[in-house]
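Results of the structural survey
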Amino acid sequence: MRQRFLAYFKYFDYQDFVTPYSGLIQLKKYAEVNGASDLQPYFEKISALTKQVREEIYFLLTEVFGYFR
């Protein structure tokens, strides 16, 4: 009989693990589940920088290039 794991993503039915190819969401969730609170400041910085990049891309598309006109 297949063993059921309590996965941190409810739609996946396998044991959680991290690989060199895991994405930021998987890494963040793995850190939360496993109590790696020392990584939290890094994820906060990544989130803040990601927001800045999105805002800059939006500015370039709308104001500089007039893409949506």
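In what follows, the structure referred to is the one given above.
A brief report on the enclosed structure follows. (Residues numbered from 1 in each chain as written. Predicted model: local features only at pLDDT ≥ 70, side-chain atom pairs only at ≥ 80, totals over all residues. Heavy atoms only, no water.)

The next point concerns the overall build of the protein. Assigned secondary structure in the protein consists of two helices and zero strands. For the protein, with 69 residues in total, the buried portion stands at 10%. Partitioning the contacts of the protein with sequence separation of at least 6, the portion at a separation of at least 24 is 3%. On the protein, roughly 6500 Å² of surface is accessible, and the fraction owed to carbon and sulfur atoms is 60%. (Helix = DSSP H or I, 4+ residues; strand = E, 2+ residues; numbered from the N terminus. Buried < 20%, exposed > 50% of the residue type's maximum accessible area, 1.4 Å probe, protein only. Contact = heavy atoms within 4.5 Å. Areas by Shrake-Rupley, 256 points an atom, 1.4 Å probe, with all protein chains shown as cover.)

It is worth spelling out helix α2 (residues 40-64) at this point. Since the α-helix packs 3.6 residues into each turn, any two residues three or four apart lie on the same face. Taking 1.5 Å of rise per residue, 25 residues should cover 36 Å, and α2 covers 35 Å from first to last C-alpha, within 8% of that figure. Where α2 terminates, the next one or two residues include G66, which has phi positive at roughly 60°. (Expected span 1.5 Å × (residues − 1).)

On inspection of all chains with the given rule, the structure shows one aromatic pair. Taking 5.1 Å as the distance between ring centres and 85° as the angle between the ring planes, the aromatic pair formed by Y67 and F68 counts as edge-to-face. For the pair Y67 and F68, one class covers both residues: exposed. (Phe/Tyr/Trp six-rings, centres within 6.5 Å; stacked < 30°, edge-to-face > 60°.)

Together, Y58, F59, V64, F65, Y67 and F68 line one region of the surface with nonpolar side chains, adding up to about 760 Å² of accessible area. Inspection of the secondary structure puts F68 in the segment after α2. Note on F68: relative accessible area 57%, which makes it exposed. (Patch = residues over 30% accessible without salt bridge, like charges linked within 9 Å, V, L, I, M, F, W, Y side chains within 5 Å. Salt bridge = Lys/Arg side-chain N within 4 Å of Asp/Glu carboxyl O.)

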